[in-house]
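Architecture at a glance
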Amino acid sequence: MRVTVIGGSGHIGSFLVPRLVRAGHDVTNISRGTSQPYTESPEWQQVHHVTADRVAEDRDGTFADRVAALKPDVVVDLVCFTLESAASLVQRLRGEVGHLLHCGSIWRYGQSLKLPIREGSDSAAPPFGEYGTQKNRIALMLQEETASGGLATTSLHPGHIVGPGWQPVGPLGNLDPTVWQTVSAGQPLRIPGSGAELMHHVHADDVAQAFEQAIARREAATGEDFNVVAPTALTVRGYADMAAAWFGHAAVLETVSWDRFRENTSRGHADASWNHLYRSQCFSIEKAAAVLGYAPRYGPEQAIFESIQWLVDHEQLHVARPLGVAAA
């Protein structure tokens, strides 16, 4: 099939595009052309590349026409963040494309109410914040589009995406690199809240696997949405203990109030921590496993360790002690 991937040079696309080529698809990657994929593989030599600024072309009303002109059988949209952009693409592709797959986010859900959070249930409160709210609106619009007899669509909702080449969401729920310096040195790490708050990571290649499976199982995937995460989630304390063990010692944790945490943390990192830990999310992948055959290869600890190892090896993260080995 002819598959067009929008944003195929990013976290997920770096793994998905080679997978699609290996599966025998004719793949076109639409990107801004400003960055290289995170992984090197010979499959990229067989990919057609189209350079486009989606934001600018959405504003001009030309982006959806650009996608349709490629005459794809399948479109995978990895970088859509507003309902307006998603609706424009759906309207243009309706009747011309066989299947549109959208990359959503677990933040389409608000704070957890029942665990694990399941699709279509009352497991979570409504979303909050612009990002999560928009992702939820897009997912609902896509379901309604397909249910009404329009374009065949599927939305997949990854957790905190992890992989070689970028920093993972850390034990405090943010991207502060000094957290890893603190943990590796065995120094006290101040954690806000109770330490029982949850985060649910997923390796980028496992997300790519889910998209590949959804394309292969179009009939079953059409009109559905899926949680795409690792088999287990991590608590703040569990994550910190696991990370400290990689450096050969136990974590030294100090529980502090959110007010005190904010006093000693930059606003950006503190806000990121609150957004992750207030939601305290853990998801079920039973639906994705049953319908798509989704079988993640990575637990959260292996995925995160791979990311940290890559950053250390490439001198993009400085730690006090050498890394050990992640638990199997």
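This write-up is about the structure you can find in this document. This is a predicted model, so every value here is computed, not measured. Going along each chain's sequence as written, the residues are numbered from 1 onward. Only residues with pLDDT of 70 or above have their local features reported here, since the model is predicted, and side-chain atom pairs are shown and tallied only from 80 upward, although totals for entire chains, interfaces and linings are computed over all residues. With hydrogens and water set aside, each side-chain value is computed from the structure's full complement of heavy atoms.

**Here's the deal with the overall build of the chain**
- Each helix corresponds to a stretch of at least 4 residues labelled H or I by DSSP, and each strand to a stretch of at least 2 residues labelled E; elements are numbered beginning at the N terminus. For the chain, the helix and strand inventory stands at 13 helices and 13 strands.
- In terms of overall size, the chain behaves like a compact globule, its C-alpha atoms giving a radius of gyration of 20 Å where 328 residues would be expected to give roughly 20 Å.
- In terms of its C-alpha atoms, the chain occupies a principal-axis envelope of roughly 60 × 45 × 40 Å.
- When accessible area is computed with a 1.4 Å probe and restricted to protein chains, residues below 20% of their type maximum are described as buried, those above 50% as exposed, and intermediate ones as partly exposed. Among the 328 residues that make up the chain, the fraction classed as buried is 54%.
- With an accessible surface of roughly 14000 Å², the chain has 50% of that area assigned to carbon and sulfur atoms. We take the radius of gyration over the C-alpha atoms and set the globule estimate at 2.2 Å times the residue count to the 0.38 power. A 1.4 Å probe and the Shrake-Rupley method give the accessible areas. Residues count as covered only by the protein chains that appear here.

**A closer look at the side chain of Gln-209**
- By the secondary structure assignment, Gln-209 is in helix H7 (residues 204-216).
- In this view, Gln-209 contacts Arg-19, Gly-293, Tyr-294, Ala-295 and Pro-296; residues no more than four positions away in its chain are not counted. Whether two residues are in contact is decided by their heavy atoms: any pair within 4.5 Å suffices.

**Some thoughts on the environment of Pro-171**
- Considering the arrangement of structural elements, one finds Pro-171 in the loop between strand E7 (160-162) and helix H6 (178-185).
- On the accessibility criterion, Pro-171 (1% relative accessible area) is buried.
- Through-space distance from the C-alpha of Pro-171 to that of Met-199 is 8.8 Å; in sequence the pair is 28 residues apart.
- In this view, Pro-171 contacts Val-179, Trp-180, Met-199, Val-236, Tyr-239 and Ala-240; residues no more than four positions away in its chain are not counted.

**A short note on the pattern of salt bridges**
- A carboxyl oxygen of Asp or Glu within 4 Å of a side-chain nitrogen of Lys or Arg is what we treat as a salt bridge. Under the criterion given, the structure shown has 20 salt bridges.
- Notably, a salt bridge pairs Asp-65 with Arg-92, separated by 2.6 Å at the nearest N-O pair. Here Asp-65, found in helix H3 (residues 63-69), pairs with Arg-92, found in helix H4 (residues 83-93); they are 27 residues apart in sequence, far enough to count as distant.
- For Lys-287, the salt bridge is made with Asp-225, and the minimal N-O distance between the two is 3.4 Å. Placement of the pair is Lys-287 in helix H12 (residues 286-292) and Asp-225 in strand E11 (residues 225-228), with a sequence separation of 62 residues.
- Classification of Lys-287 by relative accessible area gives partly exposed; the value is 22%.
- Overall, the relative accessible area of 5% leaves Asp-225 in the buried class.
- Here the residues in one salt-bridge network are Arg-19, Asp-205, Glu-212 and Arg-297, joined through shared partners.

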